[in-house]
Amino acid sequence: MKETQRLDKLLAHAGFGTRSGIKLLVKQGAVQVNGKTVKDSGMQVHPEKDEILVDGEQVLHKEFVYLMMNKPPGVISATEDLRDRTVLDLIGPDYAHYDLFPVGRLDKDTEGLLLLTNDGKLAHELLSPRKHVPKTYYAEVSGAVTEKDGEAFRRGVELDDGYVTMPAELQILSTGDPEAGRPSKIELTIMEGKFHQVKRMFEAVGKKVVYLKRMKMGPLLLDEYLALGAYRELTDDELAGLRKEEKR
Ligand code: URA
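Residues numbered from 1 in each chain as written. Predicted model: local features only at pLDDT ≥ 70, side-chain atom pairs only at ≥ 80, totals over all residues. Heavy atoms only, no water.

Participant: For this particular structure, what's the right way to read the site of the ligand?
Facilitator: Taken together, L106, D107, T110, Y137, H196, Q197, V198, K199 and L212 form the complete shell of residues around the ligand. Between an oxygen atom of the ligand and a main-chain N or O atom of Q197, the distance comes to 3.5 Å. In this structure, V198 approaches the ligand through a main-chain N or O atom, which is 3.1 Å from a nitrogen atom. Coverage of the ligand by the protein chains reaches 96% of its 240 Å² of free accessible surface. In the shell around the ligand, the residues fall into four nonpolar, three polar and two charged. (Near = heavy atom within 4 Å. Polar contact = N/O pair within 3.5 Å; in protein donor to acceptor, adjacent residues only side chain to side chain. Areas by Shrake-Rupley, 256 points an atom, 1.4 Å probe, with all protein chains shown as cover. Nonpolar A, V, L, I, M, F, W, Y, C, P; charged D, E, K, R; others polar.)

Participant: I'm lost on the pattern of salt bridges in this one. Help?
Facilitator: Side-chain pairing between opposite charges can occur once the charged atoms of the two side chains come close. One pass over the full model with this rule turns up 13 salt bridges. For E125, the salt bridge is made with R130, and the minimal N-O distance between the two is 3.8 Å. Taken together, the salt bridges that share partners define one network made up of D107, D109 and K199. (Salt bridge = Lys/Arg side-chain N within 4 Å of Asp/Glu carboxyl O.)

Participant: What am I meant to see in helix α3 (residues 120–127) here?
Facilitator: Structural remark: α-helix, 3.6 residues per turn; residues separated by three or four positions point the same way. Here α3 has its buried residues at L122, A123, E125 and L126. Across the axial projection of α3, the buried residues extend over an arc of 165 degrees, all falling on one side. In α3, the exposed positions that point more than 90 degrees away from the buried face belong to K121 and H124. On its buried face, α3 is in contact with β7 (66–71), β8 (101–102), β9 (111–117), β13 (208–217) and α6 (236–247). (Buried < 20%, exposed > 50% of the residue type's maximum accessible area, 1.4 Å probe, protein only. Helix = DSSP H or I, 4+ residues; strand = E, 2+ residues; numbered from the N terminus. Arc of directions from axis to C-beta. Contact = heavy atoms within 4.5 Å.)

Participant: What's the story with the side chain of K71 in this structure? I'm lost.
Facilitator: The topology assignment puts K71 in strand β7. At a separation of 3.0 Å, a polar atom in the side chain of K71 contacts the main-chain carbonyl oxygen of V75. In this structure, K71 is in contact with S77, V87, L106, D107, K108, T110, E111, G112, L114 and L228, ignoring residues within four places of it in sequence.

Participant: Can you help me understand the nonpolar core in this one?
Facilitator: Judged by nonpolar contacts, the single largest core of 32 residues is most densely connected at F153, I186, L188, V198, M201 and F202. Counting residues per element, the ones that place at least two in this core are β7, β9, β10 (135–142), α4 (147–155), β12 (184–190), α5 (197–204) and β13. Looking at which domains feed residues into this core, each of domain 2 (66–129 + 220–247) and domain 3 (135–217) supplies at least three. (Core = buried A, V, L, I, M, F, W, Y, C linked by side-chain atoms within 4.5 Å. Domains from an automatic or database assignment.)

See below:
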């Protein structure tokens, strides 16, 4: 991290408004650095060493933010899209200045665990194919999923583009009944993240995913209390778990 930075930039990052709004705060005498009222909103400050107060309250500086979201269906996991709403459109103004992006992608109709951060290094490590970070999905699949499918997934199946998947672990929670129109309920853990991978793996064994939700990524578990579209910051323990994965 850079040693010092502009005061207005730091305050913008901490959620105190735009640079012009911050200029006004400074003009009003509301900002102090190390006990002195500031005159220049462009002055250099050190985020850890300098004590910065706005209206008498200490500004807590955070460089990186880590949010867990329960992604709802119908939004795109990208930072912008010309047609559709993105997961960033669901993030409130408190985090608007952090340049967040989603770590990896879930399909538009997929729900569940999505990590958003501005920590490019951590994201890069978690997505690195050589790390094989396991991801667990809950899925509902039309027709009867059987142990034979489990064996096929363990061995690896050939996708429509000829790619053969790495060993994956299938757990059948309940077997569906095609006659009654009841889907199978399963959990699948994959160690890679090819495009539409879970859906294409089931296609490879002649079945169709009708509902998909990510439950787990590495050590990170979807918080069951997060409603669809809701998000929260990771706890220190959750972040420590991810950092271990990063170093692996
Ligand atoms: N596999 C899929 O098919 N879709 C997702 O969104 C994630 C994994």
